[in-house]
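Chain by chain, the residues:
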Amino acid sequence: MSTPHGPAAALAAAQFKLQFPQSLATYDDYTAAQRTVDFLSDEGFPVQNCMIVGTDLKQMERITGRLTTGRVAAAGAMSGLWFGLLIGLLFSFFGTGNSAAIILVPMLFGLAFGVVWSLIGYALTRGRRDFSSVTQVVATKYEVLVEHKVAAQARELIAKLPGAAPNPFA
């Protein structure tokens, strides 16, 4: 993955940077970390000096179903149909004549193209991945960081946080 360059990238990087961050607390779920920052905000703490960082990342994959030739063809058909509709609508804006035909013909070509290419792609896997899935990268721990100059104040306030003490072993 490449790193973006230029003024926009520098501005984005600056938004996610604390000068000398110190760990305030570590939690097992994001909600608890968010509750801590919300509590600090309610107490008048300058929360612009805080950051929640997800750590210990893991990738999860949820299998959603079995892939068959029919399902692959149907998915390719729908994808091609939608793409053909988009192309047909664009042509209809600039074309003259029967708008229905101008829209329908690209839809049919898109449908055929989608089916053929999805089946070719499926055949090239040679049965090594006969399932569909969704993936997500999630953090297993969430750390609340604060700027060093306000860390002592944050620790004093967090000591008063009811029922949401940080995990000292995380």
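Residues numbered from 1 in each chain as written. Predicted model: local features only at pLDDT ≥ 70, side-chain atom pairs only at ≥ 80, totals over all residues. Heavy atoms only, no water.

Enquirer: When you look at the overall build of the protein in this model, what are you seeing that I'm missing?
Expert: A tally of helices and strands in the protein yields five helices and three strands. Starting at the N terminus and walking to the C terminus, you meet the elements of the protein as α-β-α-β-α-α-β-α. Looking at the protein as a whole, 28% of its 170 residues qualify as buried. Long-range pairs, those at least 24 residues apart, make up 85% of the contacts in the protein between residues at least 6 apart in sequence. Accessible surface, the protein: about 11,800 Å² in total, of which carbon and sulfur atoms supply 63%. (Helix = DSSP H or I, 4+ residues; strand = E, 2+ residues; numbered from the N terminus. Buried < 20%, exposed > 50% of the residue type's maximum accessible area, 1.4 Å probe, protein only. Contact = heavy atoms within 4.5 Å. Areas by Shrake-Rupley, 256 points an atom, 1.4 Å probe, with all protein chains shown as cover.)

Enquirer: Looking at this structure, I do not really get the environment of G114. What am I missing?
Expert: Considering the arrangement of structural elements, one finds G114 in helix α4 (residues 99-124). Exposure remark for G114: the relative accessible area of 11% places this residue in the buried category. For G114 and A74, which are 40 residues apart along the polypeptide, the C-alpha to C-alpha distance reads 9.0 Å. In this view, G114 contacts G76, A77 and G80; residues no more than four positions away in its chain are not counted.

Enquirer: What exactly am I supposed to notice about the packing of aromatic side chains here?
Expert: The geometry of an aromatic ring pair is captured by two quantities: the separation of the ring centres and the angle between the planes. All chains considered together, the criterion is met by two aromatic pairs. For the ring pair Y30 and Y142, a centre distance of 5.6 Å and an interplane angle of 75° mean the geometry is edge-to-face. Here Y30, found in helix α2 (residues 30-42), pairs with Y142, found in strand β3 (residues 131-147); they are 112 residues apart in sequence, far enough to count as distant. Since its relative accessible area comes to 40%, Y30 is described here as partly exposed. Overall, Y142 belongs to the buried group, its relative accessible area being 16%. Between the aromatic rings of F113 and W117, the centroid separation amounts to 5.9 Å while the plane-to-plane angle is 55°, which identifies the pairing as tilted. You can see F113 and its partner W117 sitting in helix α4, four residues apart, about one turn around the helix. (Phe/Tyr/Trp six-rings, centres within 6.5 Å; stacked < 30°, edge-to-face > 60°.)

Enquirer: For this particular structure, what's the right way to read the nonpolar core?
Expert: Burial of nonpolar side chains together is a common tendency in soluble globular proteins. Judged by nonpolar contacts, the single largest core of 20 residues is most densely connected at L24, Y27, L40, F45, V144, V146 and I158. Broken down by secondary-structure element, the contributors of at least two residues to this core are β1 (21-27), α2, β3 and α5 (151-158). Of the residues forming this core, the biggest block, five residues, is contributed by α2. Setting aside residues no more than four positions away along its own chain, L24 makes contact with L40, V144, L145, V146, A154, R155 and I158. (Core = buried A, V, L, I, M, F, W, Y, C linked by side-chain atoms within 4.5 Å.)

Enquirer: Honestly, the sheet that holds strand β2 (residues 50-66) in this entry has me stumped. Any pointers?
Expert: Either a parallel or an antiparallel arrangement is found when strands of a sheet pair, and the pairing is made through backbone hydrogen bonds. Strand order in the open sheet made by the three strands is β1-β3-β2, with antiparallel pairing throughout. Two strands lie at the open edges of the sheet, namely β1 and β2, each paired on one side alone. Recorded for the sheet is a direction-independent mean angle of 30° between the axes of neighbouring strands. Across 15 bridges, β2 lies against β3 in antiparallel orientation. Bridging across to β3, C50 finds its partner in V146. With respect to the sheet, α2 is in contact with β1, β2 and β3, its orientation differing from that of β2 by roughly 150°. (Pairing = 2+ DSSP bridges. Axes fitted to C-alpha atoms, helices over the stretch in contact; angles between N-to-C directions.)

Keep in mind these values describe shape, not function.
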